[in-house]
Amino acid sequence: MKNKYDRKTAAFLLFMVVSIVLCSGCGKQEKDRNVKEQQTLTLWYSQSNMKDYLEQAASAYKDKYQVTITCEYKENSSYLEELYQSSVQEENGPDLYLLRNDKLGRVCMEGLAAVNTSKKYDNKHYCDTALLAAEYQNSLMAYPLYFNTVCMLYHAEYFPAPPATMGAVTAFSEKTELGENTQYILYWDMNDYFCSYPFIGNYLNIGGNAGDDKSKVSIYNEQVICCLQQFQQLGQYFAVDGGQMQAEEALTAFAEGRALCILADSDMVHQMESYGELQYQICAVPDLNEELKSCAGAYTELAVVNGLGFKQEQAAEFAQFLSYDYAEHLYETTGHFAARRDISYQKQELSEMYKIYEQSKQFPKLPETEDLNLNLNVLFANVRKGSDISAELQGFAGKMEIRMNK
């Protein structure tokens, strides 16, 4: 009887030991699986030229923190719709994503953005323009990554100092005998709202400083009318061809000396490097005259943490790495100028772009103004063709104000 009892006891004890070991193994497997999931993040982007930068940043981040970042390119045409559907309905949306600042209001209203609480995003590291671009309703909702704005490129041998006003440019053309090769004193694409915006930007107010306040709208005013008149007259004076010259041809004309000054956006500035070692300078778009000041518009690409994601803390850490820690590699990899202010460039003149960005004005981020660029293009095109400026501006202002009051 004793042996039988001992055998039963031994069998029972063996069963308990095996059960404990198996349960421990299951718990360890579950823990390992959870850790692995926590160490994997998904990032979406819609600008194909960001691929190399994002993949290099992801690789550097994995080496340092053992976190895998999967970078997924999405078509821009359906980007926001897919972002919303995947995050809300299917629950497989990205942990973070890239977005231009004028779309920020929409994703914030849909709950797709989490607050940025990092201490790095202050005036020591970012200018007000960058911080305002990432702000919505008085909260910092994103991480400024890079910017695009408009400047003037000019040949230093003709202009020993940056032209302060457009009047200085016209005066130069009147008193200087130009070579046969010169076709343009000043050229810009008059139909491109982005290059033309500096002419009216200082006096146009849509959404306030952060571009998110529907109560702050000033479009139809005397200053904007006067600026559009100057815009129209300058196009006629310099015989600008109404936007027939594309950006690449404008750069070629400038590089060959056929254009002495051009208005160019940040991407065009980077493209100038493909034309070799040219001697040129960069400055802000000159004021129209001593009374009417210019002000370029700016877009800022943002890294946004998905407000409906399950790994917001980890995503926020990578968003900071992307926009702050790794930002010094942006220009060499993509040609984009970092929104972080303390970045140095091999060519000293490129540093001028950040000074211009600091003084620029962000485009509004209200959902009601998402097609502002289309309406501005129509406005500038009609003014260029000689339409009544007051009537055109009034029509543009009416559209915007109706939307704001809905």
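A brief report on the enclosed structure follows. Model, not experiment: these values are computed from the prediction.

Definitions and cut-offs
Residues numbered from 1 in each chain as written. Predicted model: local features only at pLDDT ≥ 70, side-chain atom pairs only at ≥ 80, totals over all residues. Heavy atoms only, no water. Helix = DSSP H or I, 4+ residues; strand = E, 2+ residues; numbered from the N terminus. Buried < 20%, exposed > 50% of the residue type's maximum accessible area, 1.4 Å probe, protein only. Contact = heavy atoms within 4.5 Å. Areas by Shrake-Rupley, 256 points an atom, 1.4 Å probe, with all protein chains shown as cover. Core = buried A, V, L, I, M, F, W, Y, C linked by side-chain atoms within 4.5 Å. Axes fitted to C-alpha atoms, helices over the stretch in contact; angles between N-to-C directions. Parallel < 35°, antiparallel > 145°, perpendicular 65-115°, else oblique. Left-handed = near helix turned anticlockwise from the far one by under 90°. Salt bridge = Lys/Arg side-chain N within 4 Å of Asp/Glu carboxyl O. Arc of directions from axis to C-beta. Phe/Tyr/Trp six-rings, centres within 6.5 Å; stacked < 30°, edge-to-face > 60°. Lys NZ or Arg CZ within 6 Å of the ring centre and 35° of its normal. Pairing = 2+ DSSP bridges.

1. Points about the overall build of the protein chain
Summing up its helical and strand segments, the protein chain has 15 helices and 14 strands in all. Counting across all 406 residues of the protein chain, residues that qualify as buried make up 49%. Long-range contacts, defined as pairs at least 24 residues apart, comprise 80% of the intrachain contacts of the protein chain with a sequence gap of at least 6. For the protein chain, the computed accessible surface area is about 19700 Å², with 48% contributed by carbon and sulfur atoms.

2. Focus on the nonpolar core
The biggest cluster of nonpolar side chains holds 131 residues, and the ones touching the most others in it are Tyr-97, Leu-153, Trp-188, Ile-200 and Leu-376. No other element matches strand S6 (residues 143–154), which puts 9 residues into this core. Leave out the neighbours within four places in its chain, and Leu-376 touches Tyr-193, Tyr-197, Ile-200, Phe-363 and Phe-396.

3. Overview of the packing of helix H2 (residues 51–65) against helix H11 (residues 312–325)
Two numbers describe how H2 lies on H11: the axes approach to 11 Å, and their chain directions differ by 120°. It follows that H2 is oblique to H11 by the angle criterion. In terms of crossing hand, the pair formed by H2 and H11 is right-handed. From H2, Tyr-53, Leu-54, Ala-57, Ala-58, Ala-60, Tyr-61 and Tyr-65 reach across to H11, where they touch Gln-314, Glu-317, Phe-318, Phe-321 and Leu-322.

4. With respect to the pattern of salt bridges
Enumeration according to the criterion identifies 15 salt bridges in this entry. Close ionic contact of Glu-72 with Lys-74 constitutes a salt bridge, the shortest N to O distance being 3.6 Å. Arg-100 is paired through a salt bridge with Asp-102; the nearest N and O atoms lie 2.9 Å apart. Using a relative accessible area of 4% as the deciding quantity, one classes Asp-102 as buried. Through salt bridges with shared partners, a single ionic network connects Glu-81, Arg-106, Glu-110 and Glu-370.

5. A closer look at helix H3 (residues 79–88)
Residues of H3 that are buried include every one of Tyr-79, Leu-80, Leu-83, Ser-86 and Ser-87, and no others. End-on view of H3: buried residues confined to an arc of 140°, all on one side of the axis. Lining the buried residues of H3 we find strand S1 (40–45), strand S3 (96–100) and helix H4 (104–109).

6. What to know about helix H6 (residues 166–175)
Of the residues making up H6, those classed as buried are Met-166, Val-169, Thr-170, Phe-172 and Ser-173. Buried residues of H6, viewed axially, fall in a sector of 155°; they line one side. For H6, the exposed residues lying more than 90 degrees away from the buried face are Glu-174 and Lys-175. Next to the buried residues of H6 lie strand S7 (184–187), helix H8 (222–237) and strand S10 (259–265).

7. Focus: the environment of Pro-160
With respect to the secondary-structure elements, Pro-160 resides in the loop between S6 and H6. Sequence-wise, Pro-160 and Gln-281 are 121 residues apart; in three dimensions their C-alpha atoms are separated by 9.6 Å.

8. With respect to the environment of Glu-291
Following the sequence through the fold, Glu-291 ends up in the loop between strand S11 (281–283) and strand S12 (297–305). When its relative accessible area of 59% is taken as the criterion, Glu-291 is described as exposed. Sequence spacing of Glu-291 and Thr-165 is 126 residues, and the spatial spacing of their C-alpha atoms is 10.0 Å.

9. A closer look at the packing of aromatic side chains
Pairs of aromatic rings are described using the distance from one ring centre to the other and the angle between the two planes. Per the counting criterion, the structure on display carries 32 aromatic pairs. The rings of Tyr-53, Tyr-61, Tyr-65, Phe-318, Phe-321 and Tyr-326 are connected pair by pair, giving a single aromatic cluster. For Lys-74, the ring lying beneath its charged end belongs to Trp-44, and the centroid distance is 4.5 Å. Positioned above the aromatic ring of Tyr-299, the side-chain terminus of Arg-100 is 3.7 Å from the ring centre.

10. Remarks on the pairing of S12
When you tally the buried positions in S12, you get 9 out of 9 residues, the bulk of the element. Residues Gly-297, Tyr-299, Glu-301, Ala-303 and Val-305 of S12 are buried on one face, and the alternating residues Ala-298, Thr-300, Leu-302 and Val-304, pointing to the opposite face, are buried as well. Where S12 lies against strand S14 (residues 361–362), 2 bridges are found, and the strand directions are parallel. Across the sheet, Gly-297 pairs through a bridge with Lys-361, a residue of S14.

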